[in-house]
Amino acid sequence: MSENSTVKVAQGVSGDVWDKGSDKVFVLYLYAGPQHSLRDIGMQSIKDLQKGVWDGSIRFKLHTASAQVEGGVHGLHS
């Protein structure tokens with residue numbers, strides 16, 4: 001290449017993938033995420049989650065990013 005030549009880079013290139021397999025595997029991953037989250041909070045189903053929110057046995061708290069950092073482990077010296 002010479003000093004006066006420019007490098008051309010393709011921009012905005014897109015393509016289609018015709019087939020990457022079955023969607024069933026992806027749907028199983030989508031199903032497993034909420035299922036694990038419900039299990040973490042002790043719920044069996046979304047209906048149980050809704051019931052817990054309505055009767056007040058499940059409550060949500062909003063924490064800012066700085067509150068999350070402040071609530072983490074700190075003050076430990078090794």
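Residues numbered from 1 in each chain as written. Predicted model: local features only at pLDDT ≥ 70, side-chain atom pairs only at ≥ 80, totals over all residues. Heavy atoms only, no water.

### Digging into the overall build of the chain
Cut-off, in case you're wondering: We count a stretch as a helix when DSSP gives it H or I for four or more residues in a row; a strand needs E for two or more, and each element gets its number in order from the N terminus. A 1.4 Å probe and the Shrake-Rupley method give the accessible areas. Residues count as covered only by the protein chains that appear here.
Scanning the chain from terminus to terminus reveals three helices and zero strands. Going residue by residue from the N terminus, the α and β elements of the chain occur as α-α-α. Here the chain has roughly 8,200 Å² of accessible surface; of this, 57% comes from carbon and sulfur atoms.

### Some details on the layout of surface pockets
This is how the line gets drawn: Using a 1 Å grid laid over the protein atoms alone, points where a 1.4 Å probe fits but cannot get out form a cavity; open sets with protein on both sides within 12 Å along at least 5 of 7 lines form a pocket; any residue with an atom within 4 Å of a point counts as lining. Grid points are joined across faces, edges and corners, and a volume is the space filled by probe spheres set on the points. Basically, the charged four are Asp, Glu, Lys and Arg, the nonpolar ten are Ala, Val, Leu, Ile, Met, Phe, Trp, Tyr, Cys and Pro, and anything else, Gly included, counts as polar.
By volume, the largest pocket amounts to about 150 Å³. Lining of the largest pocket is provided by Tyr 31, Pro 34, Gln 35, Leu 38, Arg 39, Met 43, Gln 44, Ser 45 and Ile 46. With five residues, helix H1 (residues 24-40) is the single largest residue contributor to the lining of the largest pocket. Residue composition of the lining of the largest pocket, grouped by class: five nonpolar, three polar and one charged.

### Thoughts on a nonpolar patch on the surface
Where we set the bar: Patch membership requires more than 30% relative accessible area and the absence of a salt bridge. Residues of like charge join within 9 Å; the nonpolar side chains Val, Leu, Ile, Met, Phe, Trp and Tyr join within 5 Å. Think of a salt bridge as a Lys or Arg side-chain nitrogen and an Asp or Glu carboxyl oxygen that are within 4 Å of each other.
Residues Val 53, Trp 54 and Phe 60 make up a contiguous nonpolar surface patch of about 420 Å² in total accessible area. Within the fold, Val 53 resides in helix H2 (residues 46-55).

Such coordinate-based values are descriptive only and should not be taken to indicate function.
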